[in-house]
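# Report on the structure
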Amino acid sequence: MAGPADVGGGGCTGPLLYAVAVQRPTSELIQLVSILNESRQLAHAQEILDTAAVLRPVQDVAEMVPLLPESQALQVLHVAAARRPVEELAHLVTLFTGADQLSHAQEILTTAATLRPVQEVAAMVPLLGDSGPAAALHAAAACRPLGELAELVGHLDNLPQAAPDTRQPRRRLRR
């Protein structure tokens, strides 16, 4: 398992914050972050949240984001979108979409589409299915520089395609 130094962005300042971020129940993590926010220990609160965004199960991240102040929730979404495997991001988007938290899903898609390597963005498309999230990812990726956009299109062209429906509609012959 990754340690504090592996999380990036400075990591947690100590094993206690790391343990809280990774091992404590989500409700206790949120309670501690709230206490840290109230006592103006915002850097420690954000370190815990950043570590949790990367290392906790996806379901925990989906549960904790709506309970956070907006700025911290956005930071958690950005860190997750930048650092988690694309399979986990697709699952997180599905969880937020299913819970009707579309703004959280969109934030992940936009961040991933603009920050992640184009190969990873392309790999995420089939994981999202042929739906609104995949279209949102495409739209967000369109803001990339032209060279990267061309590379992305090349990767998308190389993805396995669903077999086309070769059945012809039956027509009735009129006599």
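Residues numbered from 1 in each chain as written. Predicted model: local features only at pLDDT ≥ 70, side-chain atom pairs only at ≥ 80, totals over all residues. Heavy atoms only, no water.

### Some words on the pattern of salt bridges
For the coordinates displayed, the defined rule picks out four salt bridges. As a salt-bridge pair, R56 and D60 come within 3.0 Å of each other at their nearest N and O atoms. The residues R56 and D60 share a single accessibility class, namely buried. (Salt bridge = Lys/Arg side-chain N within 4 Å of Asp/Glu carboxyl O. Buried < 20%, exposed > 50% of the residue type's maximum accessible area, 1.4 Å probe, protein only.)

### Looking at the environment of V93
Along the chain, V93 falls in helix 6 (residues 86–98). With a relative accessible area of 1%, V93 lands in the buried category. Beyond its immediate stretch of four places on either side in the chain, V93 contacts A105, I108, L109, L128 and P133. (Helix = DSSP H or I, 4+ residues; strand = E, 2+ residues; numbered from the N terminus. Contact = heavy atoms within 4.5 Å.)

### Considerations on the packing of helix 3 (residues 42–55) against helix 5 (residues 70–83)
At a minimum axis distance of 8 Å, the contact between helix 3 and helix 5 shows a crossing angle of 40 degrees. Relative to helix 5, the element helix 3 is oriented oblique. Of the two possible hands of crossing, helix 3 and helix 5 adopt the one that is right-handed. On helix 5, the residues touching A45, Q46, L49, D50, A53 and V54 of helix 3 are Q72, Q75, V76, V79, A80 and R83. (Axes fitted to C-alpha atoms, helices over the stretch in contact; angles between N-to-C directions. Parallel < 35°, antiparallel > 145°, perpendicular 65-115°, else oblique. Left-handed = near helix turned anticlockwise from the far one by under 90°.)

### A look at the confidence of the model for the chain
Confidence in the prediction for the chain averages 79 pLDDT; 69% of positions are at 70 or higher. Overall, residues 1–12 carries pLDDT values under 50, and its contacts beyond four positions in sequence, including any with other chains, amount to 20 contacts. (pLDDT = per-residue confidence, 0-100.)

### Thoughts on the packing of helix 6 against helix 7 (residues 102–115)
Contact geometry for helix 6 and helix 7: axes closest at 7 Å, N-to-C directions at 155 degrees. The angle between helix 6 and helix 7 falls in the class roughly antiparallel. For the pair helix 6 and helix 7, the crossing hand works out as left-handed. Across the interface between the two elements, L89, L92, V93, F96 and T97 of helix 6 pack against L102, H104, A105, I108, L109 and A112 of helix 7.

### Concerning helix 8 (residues 118–128)
All of the buried residues in helix 8 are V118, V121, A122, M124, V125 and L128. Take helix 8 and look down its axis: the buried residues cluster within an arc of 155 degrees, on one side only. Phi turns positive, to about 80 degrees, at G129, one or two residues after helix 8. (Arc of directions from axis to C-beta.)

### A few points about the environment of A112
Along the chain, A112 turns up in helix 7. Overall, the relative accessible area of 1% leaves A112 in the buried class. C-alpha of A112 to C-alpha of H78: the two residues are 34 residues apart in sequence and 8.1 Å apart in space.

### Section: the environment of I108
Within the element layout of this structure, I108 appears in helix 7. Accessibility expressed as a relative area gives 0% for I108, which makes it buried. Through-space distance from the C-alpha of I108 to that of V93 is 7.1 Å; in sequence the pair is 15 residues apart. Sequence-distant contacts of I108, defined by excluding residues within four places in its chain, comprise L77, A81, L89, L92, V93 and F96.

### As for unusual backbone geometry
Of note in the backbone geometry, R40 takes a positive phi value of approximately 60 degrees without being a glycine. The backbone of D100 shows a phi angle near 60 degrees, a positive value even though the residue is not glycine. Mapped onto the elements of the fold, D100 is located in the loop between helix 6 and helix 7.

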